[in-house]
Number of protein chains: 2
Amino acid sequence: QMPRGNLETVHPRALVLTAVRKHLDKLQFNEAFMVMRKHRINMNLLYDHNPAAFISNVAMFVTQVAVVTHINLFLTDLLEEDVTVTMYTAAYERNKSLSAGSLQATPSSLCKVNTICDAVRKALIGIDENKYLLSILTTYVRKSKPELEQALQLVKKLRACTNELPHISAEEALRYLLFLVDVNELYDIALGTYDFDLVLMVAEKSQKDPKEYIPFLNELRRLESSYRMYTIDKHLKRYERALSHIVKCGDERFAECMLLINQHHLHVPALQLYPPHSQQYKNIAIGYAEVLSGKRRHDEAAIFYVKGEIWDMALTSFLACHQWQQVFCMTARLGYTQDREAAVARKLAEELKGRNRHSEAAVVLEQYAGDLEEAIVTLIQGTQWDEASRLMHKHKRTDFVETDFKPRLLESVDALLGNLESMKETFLKHNARLGVVRQEKERARLTFIESGGGGGVQEGDLFSDTSSATGESILSSAPSMSSSVYSKMSGRSVRNRRKAELKKWRLKEGSEFEDCALIASLAKIVKYVDGLRDEVRSLVRTLVMFNYDSKGAELQRQYDTFLTLIDSYLGEIWLEEDQEADVKPVLGPTTTANSIALSLQQGHGQQSESEEGTEKTDPIIKFAPVLQKDKKWKLYALET
Amino acid sequence: QMPRGNLETVHPRALVLTAVRKHLDKLQFNEAFMVMRKHRINMNLLYDHNPAAFISNVAMFVTQVAVVTHINLFLTDLLEEDVTVTMYTAAYERNKSLSAGSLQATPSSLCKVNTICDAVRKALIGIDENKYLLSILTTYVRKSKPELEQALQLVKKLRACTNELPHISAEEALRYLLFLVDVNELYDIALGTYDFDLVLMVAEKSQKDPKEYIPFLNELRRLESSYRMYTIDKHLKRYERALSHIVKCGDERFAECMLLINQHHLHVPALQLYPPHSQQYKNIAIGYAEVLSGKRRHDEAAIFYVKGEIWDMALTSFLACHQWQQVFCMTARLGYTQDREAAVARKLAEELKGRNRHSEAAVVLEQYAGDLEEAIVTLIQGTQWDEASRLMHKHKRTDFVETDFKPRLLESVDALLGNLESMKETFLKHNARLGVVRQEKERARLTFIESGGGGGVQEGDLFSDTSSATGESILSSAPSMSSSVYSKMSGRSVRNRRKAELKKWRLKEGSEFEDCALIASLAKIVKYVDGLRDEVRSLVRTLVMFNYDSKGAELQRQYDTFLTLIDSYLGEIWLEEDQEADVKPVLGPTTTANSIALSLQQGHGQQSESEEGTEKTDPIIKFAPVLQKDKKWKLYALET
């Protein structure tokens, strides 16, 4: 707020505001304006008092206020904020949060100044464009993104207009504009219109040396029109526009065009400016492909090599990101011989196998390497039982059933059973330990409360009972899942998650967040086991089909037991909220001063554990994993 | 507890217990026993006082107590419960919950009676098997699953033993056993040993008519041994054992065996008893396949038809559950001609297409129906862009690019954009409405508290401000996703979920759980949109590869905007807990009687909304869906 000096003693602001509000309610804009100007009330109130009324009566506002300088005063005073909320709070008592809510709801109110400028300009032009010229210029300048080009065009129009006597000369208008805007900024804007009359008009008013800008402009004049625009845009660092102009200069300028594209990474917009399959289009695409390739984004580089129709480079990139389907589109385009294609296929299949993509590797081997045996063995290796069976029958090679299929089937089930067994052990061990740790913490909390919350009890001491000399980190305790035959996790995500856990949580007995570490480890087991449903389903069915009924039944039973076990423990590991929360006191005959005091003490006790509280907000700790209970995996036939 | 009559006045139980505990601590079992018997203290205390001490000194216990009837008294008194917790609480003050916890932790303590019986029997046999024979019988009978067979065998052994003078006759032992166990039960047990001496021994003591059981036993005697056992087992309804015996009777009894299997669904255990590929094995498998088929479990029936080597029935079943890979294993086994296989393939491909399994349908068409064109068109229809490209190049049919591929590509992107647009609209609409409903509810709650929680305010009245004559159900408002080209949801799950929601939650304005209905609808949109990542990724890449850069950029931008929008609203839709929970009062200088009373009132106010509370526990309402933010879907090349 502006200082009012002695005015305050004569005209207290509260009374002044009441008067202003009355005027505004009656739409007496000029009366309101005069009072506000006299008493230095922020001009935004004219609008903020009732935005809807102002906008719908904007013509009346202009007609009433009438004086150009008054309108300019109002326009230059505009702010984005709502002064009824920020400044004249007492007089309006508008709810800040409600208003904030409505601000969010209607994005139009986020650009209050723009709305007013546009509305006022429309009204002014409707009444007398010449008379209110300076105000119109002000509405252009005051926009959140000043529309200086339009303002300049208006001045230029004024210059050209000599038939009628203007209210104001172009000279004066320009001087007013320069009062509002920095001259160098205006010079650049003028240059950006490619209109040298405008440029000179502004330059004359500036501090610039005519010996500098006159030759510069003359040099530009000499250029071909598109190239001139390109040069100006480049000078003004408007590279996208520069691009659109250099493109129009034709082939002889294409080298320069490519330079611009590469320097300012304009490949994507540049491609829009040439027809696909044209030489220029291809060159740009290849240029971008090389950029992407340099950033090791092979999958994207490949796409742009395709657009550039450089099939061999595309092939290399598709190979690098193991996009096997596109790889063979490229070999087809390149017209590879069968031998050459087979060589690519064999190499690619190895890569895919290494990434646990056995089904795809098998297709590559069968259809492109022409290596049936290897395809079948790959499917068996990847435990794709149905697809392996299909290929064996399709090519009459059921001899693999005895030599490869059955041995691998039995090996798989034993590995999985062993895996489940060791995970179950860890699961139960961590569970038991979690119970102990929680009991210890609860006991420590009660001790803390009993001692009145004071004393020299250190946080670290709370765990001295349970700490031991040896301990294990989260890395060594859980069965290493990444090494499992059944792992669907990528090594990287496991490493990252473990790293994050290691940061604060350690499974070492007695460490501060041992409970969190235990829960995180349990969550990992739960998610992994829950994710095995499909695998177990297919394995059980295949075992039974090949007459290993008892093995299948054993796997189904073991897995089912583990799932049931997990389900029964979930509520214990991730406690329900009402188990954790303290009972809230309720007004009733049993309430005593003691019970109230106790509840307050408990609240106090909880506060001291605020650090643990933040730990508890980690989603792994807070929410139990959701099991896919609706996924059918059981072989009903084996249930007795 | 047993009544003690006048004893209590002379020997108060509290004093008696103190004496007993002293004796037990000194391992004076007999002294303790005599006092306990005199004062009718529950005999379980002998063990429960200190279980570990009892078990390790069980031999001493037997030696001290010595008298057979005394030991029997102790054994017959045994209960699973811990009397120090349930009966003599005051004397022991053991923590019930801790003990319950330890019970859970050690499953062995769940069978306390069994542990004691086994330990005592071991001790008795070690000291004098003959002398303590009745006690040994008692230990068999008292087990949680009475071991009556062993008890009978012991009596039989006693009968055979004539060389030394027994302490007790077999006659007496049997009479004692019948005092403990019902005679008919013992008769069945005896029959189940297939030992007719035992049966007669028991039968003589029973009320049974010799004219009945003698002929019955004689008839059994006449049978071949395995068949006799089968008949007895069937008589005793022990069907699994009956099965194991009838199997030993060889082929001439196989019809009867099948009858037993079918009557009592013993297929799975029966298969274990015959070698795979034997005729019997096959017959049993086929029998089970028919049972499963009748239950419309085609996938499982197929497996058993395979085991029964009835390939054509297996084919039918595999077709019924669309297991296409196994279907062609069967056609191969059946030696179908190419034409016949092609006919099966064409029919199956249609089924797969109808289930949105276009990739698989294409493999079937290409490899078994020999219909390349149809395979390519299917892949294009199923928006499998890479695989479609691969097939076109593999078979040199890139003419499909212009005729089918590109039109479908553009159709897909437009459909998806339209879908996103309409969902965004619904998302914003529901969001805005949710804000209004919540504000209304909050206002109603405050009014309720201000009015002192009393008065005639009805729950239904709280929503009268917002209710309107028209409203929409959850069915009509959300864009129908199941009809979308992009739907991955099965119709059934959608129907079920909707049904569940309709039960209580309606989107109709002003309905009681409108907020819940809105959240559920929003959750559905969030999950669906979040699940589109892979689809968008593949579509954007394909568009750019085929030079529809601007379409691709538009899709990427639209989808990205929607994801960002969702992410920004999540915290608003699913409120953080601290926003919902009331501030807990904390003991401090600012606490006044008023603030305490107010907090209690709030607690009271909350209670009246308990019904809403249970509504809030639904996971859809409670937890925000987790977005797959780590899934990379964007084409970096398009980001400027």
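Here the structure is shown first, and the text comes after it.
None of these values were measured; they are calculated from a predicted model.

1. A look at the overall build of chain A
Along the backbone of chain A there are 39 helices and zero strands. By the burial criterion, 45% of the 640 residues in chain A qualify as buried. Within chain A, contacts between residues at least 6 apart in sequence are counted, and of these 64% link residues at least 24 apart. Total accessible area on chain A is roughly 32,300 Å²; 53% of this is exposed by carbon and sulfur atoms.

2. Digging into the packing of aromatic side chains
Counting across every chain of the model gives 32 aromatic pairs over all chains. Ring geometry for Trp385(B) and Phe405(B): centres 5.3 Å apart, planes at 70°, overall edge-to-face. Here Trp385(B), found in helix H29 (residues 385-394), pairs with Phe405(B), found in helix H30 (residues 400-450); they are 20 residues apart in sequence, far enough to count as distant. Phe405(B) carries the same exposure label as Trp385(B), and that label is buried. Among the aromatic residues, ring-to-ring pairing joins Phe29(A), Tyr47(A), Phe54(A), Phe61(A) and Phe74(A) into one connected group. Its end group placed over the ring of Trp311(A), Arg333(A) keeps NZ or CZ at 4.1 Å from the ring centre. A cation over a ring is seen here: Lys208(B) above Tyr187(B), with NZ or CZ 4.3 Å from the ring centre.

3. Looking at helix H16 (residues 196-205) of chain A
Residues Phe196(A), Leu198(A), Val199(A), Met201(A), Val202(A) and Ala203(A) constitute the buried set of H16(A). Of the surrounding elements, those touching the buried residues of H16(A) are helix H13 (148-160), helix H14 (170-180), helix H15 (183-192), helix H17 (210-222) and helix H18 (225-235) of chain A.

4. Describing the packing of helix H34 (residues 533-545) of chain A against helix H35 (residues 549-573) of chain A
Residue and element names in this part refer to chain A. Following both chains from N to C, one finds H34 and H35 inclined at 155°, their axes separated by 7 Å at the closest point. Relative to H35, the element H34 is oriented roughly antiparallel. Viewed along their axes, H34 and H35 form a crossing whose handedness is left-handed. Seen from H34, the contacting residues are Arg533, Val536, Leu539, Val540, Leu543 and Val544; seen from H35, they are Asp549, Lys551, Gly552, Leu555, Gln556, Tyr559 and Leu563. Split by residue class, the contact of H34 with H35 holds eight nonpolar, two polar and three charged.

5. Points about the interface of chain B and chain A
At the junction of the two partners, chain B supplies 62 residues and chain A supplies 62 residues. Together chain B and chain A conceal approximately 5,900 Å² of surface at their shared face, both sides included; 56% is due to carbon and sulfur atoms. Between the two partners, chain B and chain A, sit eight salt bridges. Here chain B and chain A share 28 residue pairs in polar contact (both at pLDDT 80 or more) between them. Residue contributions to the side of chain B that touches chain A peak at seven residues, all from helix H25 (residues 324-333) of chain B.

6. Some thoughts on the pattern of salt bridges
A full pass over the atoms with the stated rule returns 65 salt bridges over all chains. Measuring nitrogen to oxygen at the nearest pair gives 2.7 Å for the salt bridge that ties Arg397(A) to Glu373(A). Placement of Arg397(A) in the loop between helix H29 (385-394) and helix H30 (400-450) and of Glu373(A) in helix H28 (residues 372-381) is noted, with a sequence separation of 24 residues between them. Its relative accessible area of 23% is what places Arg397(A) among the partly exposed residues. What makes Glu373(A) partly exposed here is its relative accessible area of 36%. Of the charged contacts in the structure, one is a salt bridge between Glu440(B) and Arg443(B), with a shortest N-O distance of 4.0 Å.

7. Overview of the relation of the copies chain B and chain A
It takes a turn of 180° to lay chain B on chain A, together with a shift of 0.1 Å along the axis; the resulting RMSD is 0.2 Å. Read as a symmetry element, the transformation amounts to a two-fold axis.

8. Observations concerning helix H23 (residues 298-307) of chain A
Of all ten residues that make up H23(A), ten are buried, and the element is covered over most of its length. Among the residues of H23(A), those classed as buried are His298(A), Asp299(A), Glu300(A), Ala301(A), Ala302(A), Ile303(A), Phe304(A), Tyr305(A), Val306(A) and Lys307(A). Lining the buried residues of H23(A) we find helix H21 (267-272), helix H22 (279-294), helix H24 (311-320) and helix H25 (324-333) of chain A together with helix H34 (533-545) and helix H35 (549-573) of chain B. Just past H23(A), the residue Glu309(A) takes up positive phi, approximately 60°.

9. Focus on unusual backbone geometry
You will see that Asn547(A), though not glycine, has its phi angle at about 65°, which is positive. Structurally, the position occupied by Asn547(A) is in the loop between H34 and H35. Residue Asn547(A) is classed as buried on the basis of its relative accessible area, which comes to 17%. In the Ramachandran plot, His265(B) falls in the positive-phi region, its phi being about 50° despite a non-glycine side chain. Tracing the chain through its elements places His265(B) in the loop between helix H20 (254-264) and helix H21 (267-272). Judged by its relative accessible area of 48%, His265(B) falls in the partly exposed class.

10. Some points on the environment of Asn262(A)
Residue and element names in this part refer to chain A. Considering the arrangement of structural elements, one finds Asn262 in helix H20 (residues 254-264). You can call Asn262 partly exposed: its relative accessible area is 35%. C-alpha of Asn262 to C-alpha of Ile127: the two residues are 135 residues apart in sequence and 52 Å apart in space.

11. Quick look at the environment of Tyr213(B)
Residue and element names in this part refer to chain B. Its location among the elements puts Tyr213 in helix H17 (residues 210-222). For Tyr213, a relative accessible area of 7% puts it in the buried group. Along the primary structure Tyr213 and Gln279 are separated by 66 residues, whereas in three dimensions their C-alpha atoms are 39 Å apart. When residues no more than four places from it in sequence are discounted, the contact partners of Tyr213 are Tyr187, Leu200, Ala203, Glu204 and Lys208.

Conventions and cut-offs
As a convention, each chain's residues are numbered from 1 in the sequence order in which they are written. The lettering of chains begins at A and the numbering of ligands begins at 1, in the order of writing. Per-residue local features of the predicted model are confined to residues with pLDDT of at least 70, and side-chain atom pairs are confined, for both listing and counting, to 80 or more; whole-chain, interface and lining totals are unaffected and use all residues. The basis for the side-chain values is all heavy atoms of the structure; hydrogens and waters are excluded. Per the convention used, a helix needs a DSSP run of H or I reaching at least four residues, while a strand needs a run of E reaching at least two, with both numbered from the N terminus. Each residue is assigned to one of three classes by its accessible area relative to the maximum for its type, calculated with a 1.4 Å probe on protein chains only: buried under 20%, partly exposed between the two thresholds, exposed over 50%. Only heavy atoms matter for contacts: two residues are in contact if any of them lie within 4.5 Å across the pair. In these tables, accessible area is a Shrake-Rupley quantity obtained with a 1.4 Å probe, and a residue counts as shielded only by the protein chains included in the view. Each pair of aromatic rings taken from Phe, Tyr and Trp, with Trp reduced to its six-membered ring, is defined by centres within 6.5 Å and is described as stacked if the planes are under 30 degrees apart, edge-to-face if over 60, and tilted in the remaining cases. Only lysine NZ and arginine CZ atoms are considered, and such an atom sits over a ring when it is within 6 Å of the ring centre and within 35 degrees of the ring normal. All axes here are fitted lines through C-alpha atoms, helices being fitted over the stretch that makes contact, and every angle between N-to-C directions spans 0 to 180 degrees. Each angle is binned into one of four classes, with values under 35 degrees roughly parallel, values over 145 roughly antiparallel, values of 65 to 115 roughly perpendicular, and all other values oblique. Handedness of a crossing is defined here by the sense of rotation of the near helix relative to the far one, left-handed for an anticlockwise turn of less than a right angle and right-handed for a clockwise turn. Here the term charged refers only to Asp, Glu, Lys and Arg, the term nonpolar to Ala, Val, Leu, Ile, Met, Phe, Trp, Tyr, Cys and Pro, and the term polar to all other amino acids, Gly among them. Buried area is calculated as the accessible area (1.4 Å probe) missing from two parts once they are joined, with the contributions of both summed. We define a salt bridge as a contact between a side-chain nitrogen of Lys or Arg and a carboxyl oxygen of Asp or Glu at a distance within 4 Å. In the analysis that follows, any N or O atom pair within 3.5 Å is treated as a polar contact, provided that within protein one partner can donate a hydrogen and the other can accept it, and provided that, for residues neighboring in sequence, both atoms belong to side chains. Our superposition of the copies is a least-squares fit, built on the C-alpha atoms of residues whose pLDDT is at least 70 in both.

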